[in-house]
Amino acid sequence: MHNKTIAQIARDLAAGEYSSVEVTQSYLDRIQQLDHNYNSFITVTAEQALAQAAAADAMRAAGNATPWTGVPMAHKDIFCTNGVLTSCGSRMLSNFVAPYDATVVANFNNAGAVSLGKLNMDEFAMGSSNESSFYGAVHNPWQLDHVPGGSSGGSAAAVAARLVPGATATDTGGSIRQPAAFCGVTGIKPTYGRVSRWGMIAFASSLDQGGTITRTAEDSAMMLNVMAGFDPKDSTSMQQDVPDYTANLNDSIAGLTIGLPKEYFRDDLSSDMQQQVRNAIAEYEKLGATVKEISLPNTHLAIPVYYVIAPSECSANLSRMDGVRFGHRCDDPQDVNDLFKRSRGEGFGEEVKRRIMVGTYALSAGFYDAYYKKAQQVRRLIKNDFVEAFKQVDVIMSPTTPSPAFKAGEKTSDPVAMYLEDIFTIAINLAGLPAMSIPCGQVDSLPVGLQLIGNYFDESRLLNLGHQFQQVTDWHQQTPADLV
């Protein structure tokens, strides 16, 4: 049962092949049996899940089912869930039980989905390896001594290990696409503003976006049908019509023009990685698409721009976590300054502290214009590159990452090397565009991802392109050799 996709489970439930309680119990048993290998969950909500499943079965019996009624999934532990620990992978929130549901969570509850629990992540979504979590590192199901990517590594590992058929995730600079590539699964980051951020704990408010990690593009389309839409509670939510993302999955892609940015096919990208990506692009040519080389000349500025803007916004967002109202509080503070210093010093991990310090410096009175303001100006140049490119092409393709998953501990002592893991993904967040990663090959027995970048609000096209590729290839069906 665990090898079924979301779409297959939904069809089976509708046909009465099994009940929601049965499929939910099957996944809960699998999590209990196997997750000690991966550490992908922070909290398993077994009792709640079985109650939701029973309610879903009752809804179905009454003839009130939706496509999602009784389908199990799980949430990244950055989404607030009423009555359930919401930790953001941090000691700072290790005692925080959210008093409300994030809009994304509420949408799935209203659709009748069953939540199996909360998934591990890099602390406050800051990281590219899922090694910074207070709850311990997540392990890549393909090779347990390798990282699953981050920050949504728990979501990617759980889907790859078949512990859940699909999971919510978030992407600030590549945190859906990079772990999806490392774990051989499908991940999509929608256009900024397409999915509500209300109840999603903020890292960098102008960059964060909720999305999905699933086995297939079809499953991602089903999840986005629930997640996407205007939310008046979120001031950054876009009031724009949402299509049925499953409606155009089978459309022909003949005549589409694919742009290949020369800056993404760099000399230091290994020949093996290049070959896997170019093989995938050749499949699109067989399906009738044409290929054109393009240029994104300001791409090389994306990482320095991101690592000014994102830490600046995280410095502002995390200032609310001071040991006074919620979260970790130090023992026996001597005065208010001691309370702030020790609560934050004890509650935040090293990577979070590093980014808060960088961001606070960049926002300080003497350096705001030189750093944060200048970074925002260059950000516009990066966005303009994409605007010009989409005048020539329908979609842009590139590697998702510069290499397959690296070994755990390999880059923890070199933050800059870790930051460079997102070199192909960060510019898309700066521009606010939608992008997707799909499995397209393997190097050294580890998955490789192909990144599809779309124009604003063109998620349907990306999902169509992903689905068409997955109809003629089987990379998305590959599983780790020792997977039970």
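Since this is a predicted model, take the numbers as computed values, not measurements.

Trainee: In this structure, what is going on with the overall build of the protein? I would like to understand it.
Mentor: If you tally the helices and strands in the protein, you get 15 helices and 11 strands. Taken over C-alpha atoms, the radius of gyration comes to 21 Å for the protein, in line with the 23 Å a tight globule of 484 residues would show. The principal-axis extent of the C-alpha atoms belonging to the protein is close to 65 × 55 × 45 Å. Going through the 484 residues of the protein one by one, you find that 60% of them count as buried. Residue pairs at least 24 apart in sequence account for 75% of intrachain contacts in the protein once pairs closer than 6 positions are excluded. Looking at the protein as shown, the accessible area adds up to about 17500 Å², and 49% of this sits on carbon and sulfur atoms. Of the side chains in the protein, 37 bear a positive and 51 a negative charge, and the two mean positions are spaced by 5 Å.

Trainee: Explain the nonpolar core to me, please; I cannot follow it from the model alone.
Mentor: What tends to happen in soluble globular proteins is that the nonpolar side chains get buried as a cluster. Core analysis: the largest hydrophobic core is formed by 135 residues, its most contacted members being W68, F124, Y284, F386 and L450. Sort the elements by how many residues they give to this core and helix α9 (residues 302-317) lands first, with 9 residues. If you look at the next biggest cluster of nonpolar residues, it comprises 5 residues, including V147, F182, F406 and M418.

Trainee: What is the right way to look at unusual backbone geometry in this model?
Mentor: Glycine aside, residues mostly have negative phi, and peptide bonds are mostly found in the trans state. The omega torsion across G150 and S151 is 5°, close enough to zero to call that bond cis. Along the polypeptide, S151 turns up in the loop between β3 (114-119) and α5 (153-160). Its identity as a non-glycine residue notwithstanding, N39 has a phi of 60°, on the positive side. Relative to the assigned elements, N39 resides in the loop between α2 (20-34) and β1 (41-44). Here N39 falls in the partly exposed class, since its relative accessible area comes to 22%.

Trainee: What exactly am I supposed to notice about the packing of aromatic side chains here?
Mentor: When we look at a pair of aromatic rings, we describe it by the centre distance and by the angle of the planes. Within the structure shown, the criterion is met by 14 aromatic pairs. Taken together, a centroid distance of 5.8 Å and an interplanar angle of 70° make the contact between F124 and F348 edge-to-face. With F124 in the loop between β3 and α5 and F348 in the loop between α10 (336-347) and α11 (350-363), this residue pair connects regions lying 224 residues apart in the sequence. An identical accessibility class is assigned to F124 and F348; each is buried. Aromatic pair Y368 and Y372: ring centres 5.5 Å apart, planes at 40°, arrangement tilted. Taking relative accessible area as the criterion, Y368 reaches 35% and is therefore assigned partly exposed. Exposure remark for Y372: the relative accessible area of 13% places this residue in the buried category. Aromatic ring contacts, followed pair by pair, group Y306, Y307 and Y419 into a single cluster. Cation over ring: K233 sits above W198, and NZ or CZ is 4.9 Å from the ring centre. Over the aromatic face of F265 sits the side chain of R278, whose NZ or CZ is 4.5 Å from the ring centroid.

Trainee: Could you clarify how one ought to interpret the pattern of salt bridges in this entry?
Mentor: When the charged atoms of two side chains lie near each other, side chains of opposite charge can form a pair. Taken as a whole and judged by the stated rule, the model has 17 salt bridges. Linking E283 and K286 is a salt bridge whose minimum nitrogen-to-oxygen distance equals 3.6 Å. Here E283 and its partner K286 are both found in helix α8 (residues 271-286), 3 residues apart, which amounts to about one turn of the helix. One salt bridge in this structure joins R461 and D394, with 3.7 Å as the shortest N-O distance. In this pair, R461 is assigned in helix α15 (residues 459-472) and D394 in the loop between α12 (369-389) and β9 (395-399), connecting sequence segments 67 residues apart. Judged by its relative accessible area of 24%, D394 is partly exposed. Taken together, the salt bridges that share partners define one network made up of D338, R342 and E346.

Cut-off values and rules
- Residues numbered from 1 in each chain as written.
- Predicted model: local features only at pLDDT ≥ 70, side-chain atom pairs only at ≥ 80, totals over all residues.
- Heavy atoms only, no water.
- Helix = DSSP H or I, 4+ residues; strand = E, 2+ residues; numbered from the N terminus.
- Rg over C-alpha atoms; globule rule 2.2 N^0.38 Å.
- Buried < 20%, exposed > 50% of the residue type's maximum accessible area, 1.4 Å probe, protein only.
- Contact = heavy atoms within 4.5 Å.
- Areas by Shrake-Rupley, 256 points an atom, 1.4 Å probe, with all protein chains shown as cover.
- Lys, Arg positive; Asp, Glu negative; His and termini not counted.
- Charge placed at Lys NZ, Arg CZ, Asp CG, Glu CD.
- Core = buried A, V, L, I, M, F, W, Y, C linked by side-chain atoms within 4.5 Å.
- Phe/Tyr/Trp six-rings, centres within 6.5 Å; stacked < 30°, edge-to-face > 60°.
- Lys NZ or Arg CZ within 6 Å of the ring centre and 35° of its normal.
- Salt bridge = Lys/Arg side-chain N within 4 Å of Asp/Glu carboxyl O.

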